[in-house]
Amino acid sequence: MGLKKNDKYFMILSLTAAASLFLWQRYAKPQEGVMAVVERNGEIIGHYSLDDGQRIVFEEEGYGRNVLMIRDGKAYMEEADCPDKLCVKQKPVEKYGESIICLPHRLVIRITGGEAGDTDAVVGALKLSDEIKPSG
Ligand SMILES: [Zn+2]
């Protein structure tokens, strides 16, 4: 009888292990997420996932300081010491193709990844239908 009890225990244990492995694979698997790509002077200086809330400080001799915030799947310029502060005034970006530009500091934050393919297809279709619209 003792053996059977152990078998049962073992079965429950392995079932629990299998279930947690399944859940882990399902929920903890890294996804193809939306990324913020940061460029300075046309050169990529960093990639950041919008899934990870973080605060990134860009500070470089001759360019000044920009503080990029990533929160709730959105990216925005929290702080900058550029003269116009236009980048700080820009709306948070979260979708493919959106960008924040700090012209005085030559800094560009672009959103890539996510449903890039779908967005492109929709934009392409809209453009096409505009062009073939009959005139007159
Ligand atoms: Zn700026």
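Up top you'll find the structure we're talking about.
What you see is a predicted model, and the numbers here were worked out from it, not measured in a lab. (Residues numbered from 1 in each chain as written. Predicted model: local features only at pLDDT ≥ 70, side-chain atom pairs only at ≥ 80, totals over all residues.)

Engineer: So what exactly am I meant to see when it comes to the nonpolar core here?
Structural biologist: The tendency in soluble globular proteins is for nonpolar side chains to be buried as a group. If you look at the biggest cluster of nonpolar residues, it comprises 18 residues, and the most contacted ones within it are A36, V38, L68, A75, M77, I100 and I109. Those elements that place two or more of their residues in this core are β1 (34-40), β4 (64-71), β5 (74-80), β6 (99-102) and β7 (107-113). Among the elements that line this core, the one with the most residues is β5, at four residues. Residues contacting I100, with those up to four places away along its chain left out, are Y76, M77, C87, Q90, V93 and I109. (Core = buried A, V, L, I, M, F, W, Y, C linked by C-beta atoms within 7 Å. Buried ≥ 20, exposed ≤ 12 C-beta atoms within 10 Å, placed from the backbone. Helix = DSSP H or I, 4+ residues; strand = E, 2+ residues; numbered from the N terminus. Contact = placed C-beta atoms within 7 Å.)

Engineer: Looking at this model, I keep getting lost on the sheet that holds β1. Mind explaining?
Structural biologist: Neighbouring strands of a sheet are bound in pairs by backbone hydrogen bonds; such pairs are parallel or else antiparallel. Ordered in space as β2-β1-β7-β6, the four strands form an open sheet in which the pairing is antiparallel. The sheet is open, and its two borders are formed by β2 (43-49) and β6, each paired with just one other strand. Averaged over neighbouring strand pairs, the angle between their axes works out to 20 degrees when direction is ignored. Bridging between β1 and β7 involves seven bridges; their strand directions are antiparallel. Opposite V34, over in β7, you have G113 as the bridge partner. (Pairing = 2+ DSSP bridges. Axes fitted to C-alpha atoms, helices over the stretch in contact; angles between N-to-C directions.)

Engineer: Can you walk me through the sheet that holds β4 in this structure?
Structural biologist: Read across the sheet, three strands follow the order β3-β4-β5 without closing on themselves; strand pairing throughout is antiparallel. Across the chains shown, the open sheet's two edge strands, defined by having one partner strand only, are β3 (54-60) and β5. On average, adjacent strands in this sheet sit at an angle of 20 degrees to one another, irrespective of strand direction.

Engineer: Explanation requested: the environment of R40 in the structure shown.
Structural biologist: Among the secondary structure elements, R40 is positioned in strand β1. For R40, a count of 17 C-beta atoms within 10 Å puts it in the partly exposed group. Spatially, the C-alpha atom of R40 lies 10.0 Å from that of L103, the residues being 63 residues apart in sequence. Among all residues touching R40, those that are not within four sequence positions of it are I45, Y63, R106 and L107.

Engineer: Looking at this structure, I do not really get the pairing of β1. What am I missing?
Structural biologist: Side-chain positions along a regular strand alternate between the two faces of the sheet. The sheet contact formed by β1 and β2 spans six bridges and is antiparallel. Across the sheet, the residue bridging to V37 is H47, located in β2. Between the end of β1 and the start of β2, which pair antiparallel, lie two residues, with N41 showing a positive phi angle near 60 degrees.

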